Amino acid sequence: MDKYLVGVDDTLSVSVWRNPELSVTAVVRPDGMITVPVIGDVVAVGKTPEEVASDIKERLSTYIRNPQVAVSVTQLVSNAFLTRVRVTGAVVSPISSPHRPGMTVLDAVLEAGGMTDFAAPDQARLYRKVNGKIKAYAVHLKQILQKGDLSTNYELLPGDIISIPERSF
């Protein structure tokens, strides 16, 4: 399994053994940093908690002999952002919704309030990251809604984006 990488808005608990005044709970700022007493700002985003702990330990060693530092993620906010499903374009209310197992394209479109009168339902696309590249899948919403053809009512994965364009007149 991949190691967790810290993201913006995650909450980190930094513990420095036998130095409670240096221990802190910090939210990762939009610039990717957290602030630790004595040493100031430390880059956290894109690193594992162990790498953040190592950086803090190295910087604290100037002030403390052999500091013992532990960093743990206490709130995974950035991960929740990555596991959302989004619906954009010609829908009543564009959404960014938490992914739920078994969720389909139709579920997400209905959650967005359905399509507007100006939607081009058979030109909708599902965008999904596959092996590091974005892949587009055709979604025929008109066929799904009017004919019950569920062949393009894909089951959604975390991070999927559904885009429904407006038709041209």
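Shown above is the structure to which this text applies.
The following refers to the structure shown. Throughout, a residue's number is its position along its own chain's written sequence, starting from 1. The model is predicted, so local features are restricted to residues of pLDDT at least 70 and side-chain atom pairs to those at 80 or more, both for listing and for counting; the totals for chains, interfaces and linings are taken over all residues. In computing side-chain properties, one takes all heavy atoms of the structure into account and sets aside hydrogens as well as water.

What follows covers the pattern of salt bridges. Each salt bridge in this description consists of a side-chain nitrogen of Lys or Arg and a carboxyl oxygen of Asp or Glu lying within 4 Å of one another. Inspection of every chain in the model, using the stated rule, returns five salt bridges. With its nearest N and O atoms 3.0 Å apart, the salt bridge here joins Arg 100 to Glu 111. With Arg 100 in the loop between β7 (95-98) and α3 (105-111) and Glu 111 in helix α3, this pair connects stretches of sequence that are eleven residues apart. Relative accessible area serves as the criterion here: at 38%, Arg 100 is assigned to the partly exposed category. For Arg 128, the salt bridge is made with Asp 160, and the minimal N-O distance between the two is 2.6 Å. Here Arg 128 is found in strand β8 (residues 124-130), whereas its partner Asp 160 is found in the loop between α4 (141-147) and β10 (161-164), with 32 residues between them in sequence. Each residue is assigned to one of three classes by its accessible area relative to the maximum for its type, calculated with a 1.4 Å probe on protein chains only: buried under 20%, partly exposed between the two thresholds, exposed over 50%. The class of Arg 128 is buried, set by a relative accessible area of 13%. Only DSSP runs of H or I covering at least 4 residues are called helices, and only runs of E covering at least 2 are called strands; the numbering of each starts at the N terminus.

The strand order β2-β1-β5 describes an open sheet built from three strands, whose pairing is antiparallel. With one partner strand each, in any of the chains shown, β2 (24-27) and β5 (69-75) form the two edges of the open sheet. Looking at each pair of strands side by side, their axes are set apart by 25° on average, direction ignored. Here the rule is simple: two strands pair whenever DSSP picks up at least two bridges between them. Relative to β2, strand β1 (residues 11-16) runs antiparallel, the two sharing four bridges. Bridge assignment links Leu 12 to a residue of β2, and that residue is Ala 26. The axes used here are C-alpha line fits, helices contributing only the stretch in contact, and every angle between their N-to-C directions lies in the interval 0 to 180 degrees.

We define a nonpolar core as any set of buried Ala, Val, Leu, Ile, Met, Phe, Trp, Tyr and Cys residues linked to one another through side-chain atoms lying within 4.5 Å. Within the largest apolar cluster, 20 residues are counted, with the highest numbers of intra-cluster contacts made by Leu 141, Leu 156, Ile 162 and Ile 164. Those elements giving two or more residues to this core turn out to be β6 (84-89), α3, β8, α4 and β10. Looking at this core, the element that brings in the most residues is α3, giving four residues. Residue contacts are defined here by distance: any two heavy atoms, one from each residue, within 4.5 Å place the two residues in contact. Once you skip the residues sitting within four places of it in the chain, Leu 156 turns out to touch Val 85, His 99, Met 103, Thr 104, Val 105, Ala 108, Leu 126, Arg 128 and Ile 162.

All right, on to unusual backbone geometry then. A positive phi is found at Asp 9, a non-glycine position, where the angle reads about 75°. Tracing the backbone through its elements, the reader meets Asp 9 in the segment before β1. Of note, the phi angle at Asn 131 is positive, near 50°, even though the residue is not glycine. Within the secondary structure, Asn 131 is located in the loop between β8 and β9 (133-139).

The side-chain alternation of strand β3 (residues 33-36) yields one buried face, formed by Ile 34 and Val 36, and one unburied face, formed by Met 33 and Thr 35. As judged from the four bridges shared by β3 and strand β4 (residues 40-43), these two strands associate in the antiparallel manner. Looking at the pairing, Thr 35 lines up with Asp 41 of β4. Count of turn residues in the β3/β4 antiparallel hairpin: three residues, of which Val 38 carries a positive phi of about 75°.

Quick look at the sheet that holds β6 now. Taken together, five strands build an open sheet; the order of strands is β7-β6-β10-β8-β9 and the sheet is mixed. Every other strand in the sheet has two partners, leaving β7 and β9 as the edge strands with one partner each. Across the sheet, the mean angle from the axis of one strand to that of its neighbour is 20°, orientation sign disregarded. With seven bridges connecting them, β8 and β9 associate as antiparallel partners. By the bridge assignment for β9, Arg 128 is matched with Lys 135.

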